[in-house]
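Each chain, letter by letter, is given below.
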Amino acid sequence: MRVLVVEDEADLARAVGRALEEEGYAVDVATDGEAGLWNAQSWEYDAVVLDLMLPRVPGETVLKRLREKKKTPVLILTARDGVADRVRGLDAGADDYLVKPFALEELLARVRALVRRGAGEASPVIRLGEVEVDTAAREVRRRGKLVDLAAKEYALVELLALHRGKLVTRTKIYDHIYDQSDPTLSNVVDVYVSNVRKKLGAGFIETRRGEGYIVRG
């Protein structure tokens, strides 16, 4: 899953980005509203963490202009803690609102919830036959036994699971599990698919040649 962090406080942006990366997310960081808006409109993110008080373009404007084109889940992260501020942010199109200072554990939980809801998934546990994907614990089990997956293997499984029954193109896979700085070779998705099949069963991921991949519930 891929997340955009739009935050002008450099230390906080690094801390949030690092925490998300340690959770297995691909993360892009923008330090002003103009760059944040360009990123949010140019790429397909699973969630955006957005500060309100940004240089160049205010966070409220970023949110308003993003909502004109996309439904990407947005978590506002701000020092504005008044009830009126929360109401205004949510009414402007934000999906959640978290006030600084905050606990990283809560931020991560809220991002996980936004990613699930953005994919239309209410439960943190997705069952796909004999495979169970726990998006809260970021664990995968087969026949009740924990399966050891590399970070990108898990990201691939989670992406396909959140879109189970639907075709996921190779382009979408790249857009959602790699950040802008990742110099990934074009055949690496095939490698991850092969590894996942070895661990979760040859039939777990179905290939649509020339189109993409699909898993079924």
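Residues numbered from 1 in each chain as written. Predicted model: local features only at pLDDT ≥ 70, side-chain atom pairs only at ≥ 80, totals over all residues. Heavy atoms only, no water.

Novice: Go over the sheet that holds strand β12 (residues 212-214), please, and point to the residues and values.
Specialist: Within a sheet, neighbouring strands are paired by backbone hydrogen bonds and run either parallel or antiparallel to one another. One open sheet holds the three strands; their spatial order is β10-β12-β11, and the pairing between them is antiparallel. If you trace the sheet from one side to the other, it starts and ends with β10 (168-169) and β11 (206-208), each paired once. Note that β10 and β12 share two bridges and pair antiparallel. Across the sheet, Thr169 pairs through a bridge with Gly212, a residue of β12. (Pairing = 2+ DSSP bridges. Helix = DSSP H or I, 4+ residues; strand = E, 2+ residues; numbered from the N terminus.)

Novice: Please provide a residue-by-residue account of the domain arrangement of the protein, values included.
Specialist: Interface extent is often summarised as the accessible area lost during association of the parts. Considered domain by domain, the protein is made up of domain 1 (2-118) and domain 2 (125-214). Here domain 1 and domain 2 have C-alpha centroids that lie 25 Å from each other. Each side of the interface is counted separately: domain 1 has 16 residues, and domain 2 has twelve residues. Where domain 1 touches domain 2, the interface holds zero salt bridges. On the surface where domain 1 and domain 2 come into contact, there are five residue pairs in polar contact (both at pLDDT 80 or more). Listed by contribution, the elements that provide at least two residues to the side of domain 1 that touches domain 2 are β2 (26-30), α2 (33-42) and α5 (104-118). In the side of domain 1 that touches domain 2, the residues fall into seven nonpolar, two polar and seven charged. (Domains from an automatic or database assignment. Contact = heavy atoms within 4.5 Å. Salt bridge = Lys/Arg side-chain N within 4 Å of Asp/Glu carboxyl O. Polar contact = N/O pair within 3.5 Å; in protein donor to acceptor, adjacent residues only side chain to side chain. Nonpolar A, V, L, I, M, F, W, Y, C, P; charged D, E, K, R; others polar.)

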